Amino acid sequence: MFPNFESIPSPNKKFKTTPMDRSFDHLTEEIIFAILDHLHDDPFSRKSFSLVSKSFYAAESLHRKSLRPLHSDRIPTVSPRYPSISKLDLTLCPHVEDSFLISVSSAWKTTLRSIDLSRSRSFSNVGLSNLVTSCTGLVEINLSNGVALTDAVMKVLAEAKNLEKLWLSRCKSITDMGIGCVAVGCKKLKLLCLNWCLHITDLGVGLIATKCKELRSLDLSFLTITEKCLPPILQLQHLEELILEECHGIDDEGLEALKRNCKRNSLKLLNLSRCPSISHSGLSSLINGSEDLQKLNLSYGSSITTDMAKCLHSFSGLQSIKLDCCSLTTSGVKAIANWRASLKELSLSKCVGVTDECLSILVQKHKQLRKLDITCCRKITYGSINSITSSCSFLVSLKMESCTLVPREAYVLIGQRCPYLEELDLTDNEIDNEGLKSISKCSRLSVLKLGICLNINDDGLSHIASGCRKIKELDLYRSTGITDRGIAAIAGGCPALEMINIAYNDKITDSSLISLSKCLSLKALEIRGCCCISSVGLSAIAVGCKQLTVLDIKNCVNVNDDGMIPLAQFSHNLKQINLSYCSVTDVGLLSLASINCLRNMTILHLAGLTPDGLTAALLVGSGLRKVKLHLSFKSLLPPSFRKYMETRGCVLYWRDKAFQVGSCKDHRICFYVRNGGESKLGFFPLH
């Protein structure tokens, strides 16, 4: 994209300007900013851009509006470079002291509009007070997961007079008194999330509804509220989203009184999932007056009977309904087919009672469906797929995992009749190569899940590679007919590939990884249980796939330290890795821990790992936030060290998981021996 300089000097050092450097001076600021806008989602391109010349460096610094630092202590150093920051994401900074918030207030006093503290601790009402009083332009604050935050913090937060969006999910110490302060002070609130705030009752919610008249979105999931707080909520003129998931205190009897008091409202989305105490009578009372309702979630709730369906008959604007894990009756289905609305999204995942007849009735009425989920509807057969594909030709998403009675020939219909598909989940089904050949006609397909599809092989995958070049996510988990040839076809035909799962396919070797190393956009790779893969293939991935962020190599017993060192050298964006049952030792783990971005590690049953090696790796991994370890190491790490790791923001999860024995292609079984504190990994030949 930009000139290839042999040596790019540091912007902080003086250097001689070349004619090529001066050519950039002719670009106006508007043009440079327009280029940066196109690089918004690619931090590496932005970094390369800033290193092109002094003028580009200055322009990128001035243009940047968002910042996501790895460490909070670096803010005083970088803040002078970025004077226009409006969005500060601190989710990678577990400890944020009051002094840090004070420095933020000083650095971006006039520009800061959004701050995310949902993963941060250590600050108090002192730092937060300085932030909200100094940065008067703040409109968004995320304090989710603040289990230690009290009403005193809420009193301080009430000073943010211009606040429009506030997330307090899992702030379990906040009470009605604290949320009442927010209600009185933050009258401009448009979005409020209170899910899992277990000490907030009808009183606190009622205060919010009474004082914050501008609310558009309100999440009250898992609260111990009753119907008493609902009248003022449903009278909010601008409320569009109301989430009441698992609010067990709300039932039919309490909702009955609402019907007389509710006026017309602007509600567009209503989530009543996991509310089994609400039947058709309660639902009818709750949605009375919600003439603009577009999305409704009744998953894990009451049976969908005729009465339940009839109460939604007149909602002509209804576009999406989720009925996951509900019991469907034939009469209820027929009532849904008589709705005035023409649905665009329908989710029937794990619904009891879904048959070919039911689906045929539904899709013949709702022909404008764009998304359909029939996961685990185990009674449907060829007839359902025939009805769906002939009626709903504009589908963009079809999820039908574990529809095991659907025969092979039915999948041909999908490719013939649904050319606009972008997402297709066929996990654990009977599809074969002919089905894949037909589906390859869906040229817009970006997500394809073929896990546990035992009738497909490389020939079918080659059809996908040639026809579906926009594939970004491909799941081939336990599809054991796939070999290196099929993966090579995908790697060559799908240049946009970002995620691939080829776990537990014993025919996959290093050759597959060498092919996938050409997929420069690859971000997530799962190869657990591929025992023919070694450090050679992993090294190729490390060198070629610089954007790799998630890697699962559990049970890859031939991967050792030789694979970790290239990861440490090239995979600077790696955030999550599972190394369990690999042949990595202290040396490899220490190298891996040096990756600044690494946040999560699972390292159960690493035979070559010692307590000293583990301690060193944890100390080096300054960015680590979560590490899963075998319980046997707990007694070998001093309590003071474990406390230090917790203080630094890294949580150690202990698992007392027995060693799992697995077989490999060369007919050997790995075994695990712990004797006198030493661990060994070896192999038994099978006879």
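Looking at an unreviewed UniProt entry, one finds the chain named F-box/LRR-repeat protein 3-like isoform X1 and attributed to Cucumis melo.

Enquirer: Where do I start with the packing of aromatic side chains in this structure?
Expert: The relation between two aromatic rings is expressed through the spacing of the ring centres and the mutual angle of the planes. On inspection of all chains with the given rule, the structure shows 3 aromatic pairs. Where Trp196 meets Phe222, the ring centres are 4.4 Å apart and the plane angle is 15°; that geometry is what we call stacked. Separated by 26 residues along the polypeptide, Trp196 in the loop between β6 (191-193) and α10 (202-211) and Phe222 in the loop between β7 (217-219) and α11 (230-234) bring together distant segments of the chain. For Trp196, a relative accessible area of 29% puts it in the partly exposed group. Here Arg478 stacks its cationic end above the ring of Tyr504, 4.1 Å away from the centre of that ring. The lysine or arginine in question, Lys626, covers the ring of Tyr653, its NZ or CZ lying 5.9 Å from the ring centre.

Enquirer: What is the right way to look at the environment of Lys109 in this model?
Expert: Examined against the element boundaries, Lys109 turns out to sit in the loop between α6 (98-107) and β3 (114-116). For the pair Lys109 and Ser86, spaced 23 residues apart in sequence, the C-alpha separation works out to 9.7 Å. When residues no more than four places from it in sequence are discounted, the contact partners of Lys109 are Val104, Ser134, Cys135 and Thr136.

Enquirer: In this structure, what is going on with the pattern of salt bridges? I would like to understand it.
Expert: Think of it this way: side chains of opposite charge can pair up when their charged atoms draw near. What the rule picks out here adds up to 11 salt bridges. Between Arg485 and Asp458 there is a salt bridge, with its nearest N and O atoms 3.9 Å apart. In this pair, Arg485 is assigned in helix α22 (residues 484-493) and Asp458 in helix α21 (residues 458-467), connecting sequence segments 27 residues apart. According to the relative accessible area criterion, Arg485 is partly exposed, its value standing at 48%.

Enquirer: I'm lost on the packing of helix α27 (residues 611-620) against helix α28 (residues 639-647) in this one. Help?
Expert: What describes two packed helices is the angle between their axes and the distance between those same axes. Between α27 and α28, the shortest axis-to-axis distance is 11 Å and the interhelical angle comes to 25°. With respect to α28, the element α27 is oriented roughly parallel. Crossing handedness for the pair α27 and α28: left-handed. Contacts between α27 and α28 pair Thr615, Leu618 and Leu619 from the former with Phe641, Tyr644 and Met645 from the latter.

Enquirer: Whenever I open this one, the pairing of strand β23 (residues 626-630) confuses me. Can you help?
Expert: A regular strand carries its side chains on alternate faces of the sheet. Relative to β23, strand β22 (residues 600-602) runs parallel, the two being bridged by 3 bridges. Each bridged residue has a counterpart across the sheet, and for Met601 the counterpart in β23 is Val627. The β-α-β motif built from β22, the intervening α27 and the parallel element β23 has right-handed crossover chirality. The pairing of β23 with strand β24 (residues 651-655) spans 5 bridges and is classified as parallel. By the bridge assignment, Val627 is partnered in β24 with Leu652. Once you follow β23 into α28 and on to β24, the crossover reads as right-handed.

Enquirer: For this particular structure, what's the right way to read helix α17 (residues 356-365)?
Expert: The periodicity of an α-helix, 3.6 residues per turn, causes residues three or four places apart in sequence to face the same way. Within α17, the full set of buried residues consists of Cys358, Leu359, Ser360, Leu362 and Val363. Elements in contact with the buried residues of α17: α16 (330-337), β12 (345-347) and α18 (382-391).

Enquirer: For this particular structure, what's the right way to read the side chain of Asp202?
Expert: Along the chain, Asp202 turns up in helix α10. For the buried residue Asp202, which engages in no salt bridge, the nearest side chain bearing the opposite charge is Lys228, 5.7 Å off. A distance of 2.6 Å separates a polar atom in the side chain of Asp202 from a polar atom in the side chain of Thr226. Sequence-distant contacts of Asp202, defined by excluding residues within four places in its chain, comprise Ile225, Thr226, Lys228 and Cys229.

Enquirer: What is the right way to look at the nonpolar core in this model?
Expert: Proteins that are soluble and globular tend to have nonpolar side chains buried together. Counting residues in hydrophobic clusters, the biggest one holds 191 residues, and the most contacted among them are Leu168, Leu244 and Leu516. Not counting chain neighbours up to four residues away, the residues in contact with Leu244 comprise Leu220, Ile225, Leu230, Ile250, Leu270, Asn271, Leu272, Ser273, Cys275 and Leu286.

Enquirer: Please clarify how the packing of α21 against α22 should be interpreted in this entry.
Expert: Closest axis-to-axis distance for the α21/α22 pair is 8 Å, and the angle between their directions is 0°. By the angle between their axes, α21 is roughly parallel relative to α22. Contacts from Asp458, Asp459, Leu461, Ser462, Ile464 and Ala465 in α21 reach Arg485, Gly486, Ile487, Ala489, Ile490 and Gly493 in α22. Residue composition of the contact of α21 with α22, by class: 6 nonpolar, 3 polar and 3 charged.

Enquirer: Teacher, can you tell me more about the confidence of the model for the chain here?
Expert: Mean pLDDT for the chain: 89, with 87% of residues reaching 70 or above. Between residues 1-21, whose pLDDT stays under 50, and residues either more than four places distant or in other chains, the model counts 23 contacts. Every residue in residues 665-687 scores below 50 in pLDDT, and together they form 49 contacts with partners more than four places removed in sequence or on other chains.

Enquirer: Quick question: what am I supposed to make of unusual backbone geometry here?
Expert: Trans is the common state for peptide bonds, and a negative phi is the common state for residues other than glycine. Of note, Arg274 is a non-glycine position whose phi angle comes to about 60°, a positive value. Within the secondary structure, Arg274 sits in the loop between β9 (269-271) and α14 (280-286). Residue Arg274 is classed as partly exposed on the basis of its relative accessible area, which comes to 31%. A positive phi is found at Asn555, a non-glycine position, where the angle reads about 65°. In this structure, Asn555 sits in the loop between β20 (550-552) and α25 (561-570).

Cut-offs applied
Residues numbered from 1 in each chain as written. Predicted model: local features only at pLDDT ≥ 70, side-chain atom pairs only at ≥ 80, totals over all residues. Heavy atoms only, no water. Phe/Tyr/Trp six-rings, centres within 6.5 Å; stacked < 30°, edge-to-face > 60°. Helix = DSSP H or I, 4+ residues; strand = E, 2+ residues; numbered from the N terminus. Buried < 20%, exposed > 50% of the residue type's maximum accessible area, 1.4 Å probe, protein only. Lys NZ or Arg CZ within 6 Å of the ring centre and 35° of its normal. Contact = heavy atoms within 4.5 Å. Salt bridge = Lys/Arg side-chain N within 4 Å of Asp/Glu carboxyl O. Axes fitted to C-alpha atoms, helices over the stretch in contact; angles between N-to-C directions. Parallel < 35°, antiparallel > 145°, perpendicular 65-115°, else oblique. Left-handed = near helix turned anticlockwise from the far one by under 90°. Pairing = 2+ DSSP bridges. Right-handed = clockwise from strand over helix to strand, strands pointing away. Lys, Arg positive; Asp, Glu negative; His and termini not counted. Polar contact = N/O pair within 3.5 Å; in protein donor to acceptor, adjacent residues only side chain to side chain. Core = buried A, V, L, I, M, F, W, Y, C linked by side-chain atoms within 4.5 Å. Nonpolar A, V, L, I, M, F, W, Y, C, P; charged D, E, K, R; others polar. pLDDT = per-residue confidence, 0-100.

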